[in-house]
Amino acid sequence: MALKDRLNEGRLSAQHSDRGSVAHWRKRLLSEINLDDLAMLSMEQRRIRLEKVVGHLLSREGPVLSDRERANMIRRVVDEALGLGVLEPLLADESITEIMVNGPDNIFIERNGRVQRIETTFASEEQLYQTIDRIVSTVNRRVDESSPMVDARLPTGERVNVIIPPLSLSGPIVTIRRFPKPFTIEQLISMGSLDEATGILLASMIRARFNVIISGGTGTGKTTFLNALSAFVPSHERIITIEDSAELQLQQEHVLRLEARPPNIEGQGAVTIRDLVRNSLRMRPDRIIVGEVRGAETLDMLQAMNTGHDGSLATVHANSADDAVHRLLTLASMSEVKIPFEALRDQINAAIDVIVHLSRYPDGSRRVAEVSVVASRRHEEFRLEPLLRFHADRYEAQRRVTGEFHHFPLPRHIAERLYTAGESIPATFGIRRPADHGSPFSGGAL
Ligand SMILES: Nc1ncnc2c1ncn2[C@@H]1O[C@H](COP(=O)(O)OP(=O)(O)OP(=O)(O)O)[C@@H](O)[C@H]1O
Ligand SMILES: [Mg+2]
């Protein structure tokens, strides 16, 4: 079969199954029924009730269908709605950002940044296993003793991780992360995640092709922030995004999205982030955006940044801005190409311009805790200079976290780069006063 036909085969069968409209009716169904009532019914009664409701909805609002098509549609909508059992109402609730199933009797959710246990449980461990099977079979994987850990994605985009005994000692564990809602920088500012001046400065830096790393712990909002910053990449540029599971939603016209692939059941066919970074260099990118660097791809990314692909963006898991540069060093050294430590450090000094560090606070809020520039030059030890720090007020349990963003003047070489690119600098930052004077940039605020 020709390549085109082979590729089309999958696409056609997806189209044929008419997912869009099944999803539509499933959504309508969930908005129509009372989920609490439904929980009282047995599986069989539930199905009958749902079939009735979908039937009514189709008669009232649906297209004209033959009897067979209609029966078919009802069956598929109900299958989908019952598909993930007790998880369905949780998935339908938009205010829930994470669902954590720790065995059949123990479900936690995250809402407004806070984790809480809920009453809902699975009827039995077997029912939980059935749900797991349904989830992973959509990505052609299976979970059993020989492959007890799987990453999958629901058709609606949610990321799912499953791990079962014997690796898990707490029964089958399912973690579902809602597809992150895109926020604009303006929205993040109004939520208090950063202040306006910092938003303006970061936007200037993106336009001026600074290489920016976003660091933070798990779930601190790195991907969300990267997505917001990416809006400032000029729309005429050719952007390549590389991710483990595609979450970024860039608005520009010329965006190419690449997604890594885990190995299949036989352990074959994996395509790593690193493979994709290398491949992307042959695709004439103006910018490369890596969802998260976790390993050897860090070296390829640094090399790309140092060989004319500046303006690149990535996130890294780290506990502070300072930790982030050291973490990049460790990750870059994981490559099989053995490069002396000093040479890697020089590459980081030359490549990385700015680190934006995010933190999650006890009240569930996420914030820019620090913005620092990498001020060290080639053969120097790492030296970061802060541009912004958030100082939290003393907080008490359950209270909203308040505090202040403190700004620091920009090092001169950074200010000069911004001016050369035609960008201005918000007055609240100012520019570091040089030891010598007489420069057009002396005098601080502009
Ligand atoms: N500034 C913010 N304020 C409030 N909620 C936020 C903020 N940024 C992100 N979130 C929410 O926090 C959750 C995690 O966000 P996101 O996926 O961006 O984090 P992450 O650091 O990339 O996570 P991971 O470590 O899993 O990659 C999402 O539900 C997202 O909507
Ligand atoms: Mg992320």
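Here, residues in each chain are numbered from 1, in the same order as that chain's written sequence. As they are written, the chains are lettered A onward and the ligands numbered 1 onward, keeping that order. The model is predicted, so local features are restricted to residues of pLDDT at least 70 and side-chain atom pairs to those at 80 or more, both for listing and for counting; the totals for chains, interfaces and linings are taken over all residues.

(A) View of the overall build of the protein. A tally of helices and strands in the protein yields 15 helices and 15 strands. In terms of overall dimensions, the protein has C-alpha extents of about 85 × 60 × 50 Å along its principal axes. Contact between two residues is assigned whenever their backbone-derived C-beta positions fall within 7 Å. At a minimum sequence separation of 6, the contacts of the protein that also span at least 24 residues come to 51%. Where helices and strands are cited, they refer to DSSP runs of H or I of at least four residues and of E of at least two residues respectively, numbered from the N terminus.

(B) View of the sheet that holds strand β1 (residues 96-102). The strand order β3-β2-β1-β6-β5-β4 describes an open sheet built from six strands, whose pairing is antiparallel. Edge positions in the open sheet fall to β3 (114-118) and β4 (149-153), since each of these has one partner strand only. Across the sheet, the axes of successive neighbouring strands diverge by a mean angle of 15 degrees, strand direction being ignored. Any two strands between which DSSP finds at least two bridges are classified as paired. As paired elements, β1 and strand β2 (residues 107-111) share five bridges and run antiparallel to each other. Looking at the pairing, Val101 lines up with Ile107 of β2. Convention adopted: a line fitted to C-alpha atoms gives each axis, helices being fitted over their contacting stretch, and angles between N-to-C directions are expressed from 0 to 180 degrees.

(C) Seen up close, the site of ligand 1. Around ligand 1 lies a shell of 18 residues, among which Thr97, Gly221, Lys222, Thr223 and Thr224 are the nearest. In terms of residues, the shell around ligand 1 owes the most to one element, helix α10 (residues 222-230), which gives three residues. Across the shell around ligand 1, the residue classes tally to three nonpolar, ten polar and five charged. Built from parts of two domains, the shell around ligand 1 gets at least three residues from each of domain 2 (90-179) and domain 3 (185-408). Each residue gets a C-beta atom placed from its backbone. If that atom is within 6 Å of a molecule or strand, the residue is near it. Amino acids outside the nonpolar list (Ala, Val, Leu, Ile, Met, Phe, Trp, Tyr, Cys, Pro) and the charged list (Asp, Glu, Lys, Arg) are all regarded as polar, and Gly is one of them. What counts as a domain boundary in this text is fixed by an automatic or database domain assignment.

(D) Fine view of the nonpolar core. In these notes, a nonpolar core means any group of buried Ala, Val, Leu, Ile, Met, Phe, Trp, Tyr and Cys residues linked to one another through C-beta atoms within 7 Å. To assign burial, the other C-beta atoms lying within 10 Å of each residue's own C-beta are counted, with C-beta atoms placed from the backbone; 20 or more indicates buried, 12 or fewer indicates exposed, and intermediate counts indicate partly exposed. Val212, Val290, Ile355 and Val356 are the most contacted members of the largest nonpolar core, which totals 65 residues. It is helix α13 (residues 321-332) that contributes the most residues to this core, six residues altogether. If we skip the residues at most four places from it in the chain, Ile355 touches Ile213, Ser215, Ala321, Ala324, Val325, Ser372, Val374 and Leu384. Counting residues in each nonpolar core, the second largest holds 18 residues, with Ile99, Leu128, Ile135 and Val143 among its members.

(E) Molecular detail of helix α14 (residues 341-351). Taken as a whole, α14 has its buried residues at Leu344, Arg345, Gln347, Ile348 and Ala351. Buried residues along α14 cover an arc of 155 degrees about the axis, so they all sit on one side. In α14, the exposed positions that point more than 90 degrees away from the buried face belong to Glu342 and Ala343. The secondary structure elements touched by the buried residues of α14 are α12 (297-306) and α13. Here the arc refers to the directions that run from the helix axis out to each C-beta atom.

(F) Expanded view of the pairing of strand β10 (residues 287-293). Among the seven residues of β10, six are classified as buried, and the element is accordingly described as predominantly covered. By the bridge criterion, four bridges tie strand β8 (residues 239-243) to β10 in an arrangement that is parallel. Residue pairing for β10: Ile240 is matched across the bridge by Ile288. Chirality of the crossover, the property in question, places the unit of β10, α12 and strand β11 (residues 313-317) among those that are right-handed. Seen with its strands pointing away from the viewer, a crossover is right-handed if its path from the first strand over the helix to the second goes clockwise.

(G) The arrangement of the packing of α12 against α14 in detail. The geometry of α12 relative to α14 is characterised by a closest axis approach of 9 Å and an angle of 50 degrees between their N-to-C directions. In this view, α12 runs oblique relative to α14, as classed from their interaxial angle. Seen from above, α12 lies across α14 with left-handed handedness. On the side of α12, the interface is formed by Leu302, Met305 and Asn306, while α14 contributes Gln347, Ile348, Ala350 and Ala351. Should an angle lie under 35 degrees it is considered roughly parallel, over 145 roughly antiparallel, and from 65 to 115 roughly perpendicular; all remaining angles are considered oblique. Handedness of each helix crossing follows the sense of rotation of the near helix against the far helix: counterclockwise by less than a right angle gives left-handed, clockwise gives right-handed.

(H) Spatial organisation of the domain arrangement of the protein. Taken domain by domain, the protein holds domain 1 (16-83), domain 2 (90-179) and domain 3 (185-408). Once you take the C-alpha centre of each, domain 2 and domain 3 turn out to be 28 Å apart. With ten residues of domain 2 in contact, the opposing surface of domain 3 contributes six residues.

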